[in-house]
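Observations on chain architecture
Chain by chain, the residues:
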Amino acid sequence: MNLLTAYNGLLIRVGLYLLVFWPTVGYYVYSDSEKRGLANSKLRGVALGFLGILGLLIHLALVQRRE
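Just so it is clear, the model here is predicted, and its values are computed rather than measured.

We now examine the UniProt feature "transmembrane region" (unreviewed entry) in the protein chain. Taking the UniProt record as the reference, the feature "transmembrane region" (unreviewed entry) is found at residues 6–30 and 42–62. Across residues 42–62, the secondary structure splits into 95% helix and 0% strand, with the terminal C-alpha atoms separated by 16 Å.

Written out as structure tokens, the structure is:
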């Protein structure tokens, strides 16, 4: 079994998702948290960046609730 086609390419899809969305969303959450003075900006960026689009929506909901 070829590693790239295992599980109908699931490993490739998850890898590409993390490669694209984790840094993008993570950096946005980190920089926005720094601007707003929220605690643990780096941890927020890593954790919510891992969740991708869902993490972005969680961050926006938390910021909306805080204001």
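Structure shown, so let's carry the discussion forward.
Together, Ile12, Leu16, Tyr17, Leu19, Val20, Phe21, Tyr28, Ile53, Leu57 and Leu60 line one region of the surface with nonpolar side chains, adding up to about 890 Å² of accessible area. Mapped by element, the contributors of at least two residues to the nonpolar patch are helix H1 (10–36) and helix H3 (53–66). Turning to its location among the elements, phenylalanine 21 is positioned in helix H1.

Below, the discussion takes up the side chain of histidine 59. By the element assignment, histidine 59 lies in helix H3. Residues in contact with histidine 59, not counting those within four places in the same chain, are Tyr28, Val29, Asp32, Ser33, Leu38 and Leu48.

The next subject is the packing of aromatic side chains. Evaluated as defined, the whole model comprises 2 aromatic pairs. Taking the centre distance of 5.1 Å and the plane angle of 50° together, the rings of tyrosine 17 and phenylalanine 21 count as tilted. Taken together, the residues tyrosine 17 and phenylalanine 21, both in helix H1 and 4 residues apart, mark about one turn of the helix. The partly exposed category is assigned to tyrosine 17, whose relative accessible area is 32%. Between tryptophan 22 and phenylalanine 50 the ring centres are 5.0 Å apart and the planes differ by 75°, which places this aromatic pair in the edge-to-face class.

Positive phi is not limited to glycine here, since asparagine 40 has a value of about 55°. Looking at where asparagine 40 falls in the secondary structure, it is placed in the loop between H1 and helix H2 (41–51).

Parameters and conventions
Residues numbered from 1 in each chain as written. Predicted model: local features only at pLDDT ≥ 70, side-chain atom pairs only at ≥ 80, totals over all residues. Heavy atoms only, no water. UniProt positions renumbered as here; feature names shortened; annotations may be inferred. Helix = DSSP H or I, 4+ residues; strand = E, 2+ residues; numbered from the N terminus. Patch = residues over 30% accessible without salt bridge, like charges linked within 9 Å, V, L, I, M, F, W, Y side chains within 5 Å. Areas by Shrake-Rupley, 256 points an atom, 1.4 Å probe, with all protein chains shown as cover. Salt bridge = Lys/Arg side-chain N within 4 Å of Asp/Glu carboxyl O. Contact = heavy atoms within 4.5 Å. Phe/Tyr/Trp six-rings, centres within 6.5 Å; stacked < 30°, edge-to-face > 60°. Buried < 20%, exposed > 50% of the residue type's maximum accessible area, 1.4 Å probe, protein only.

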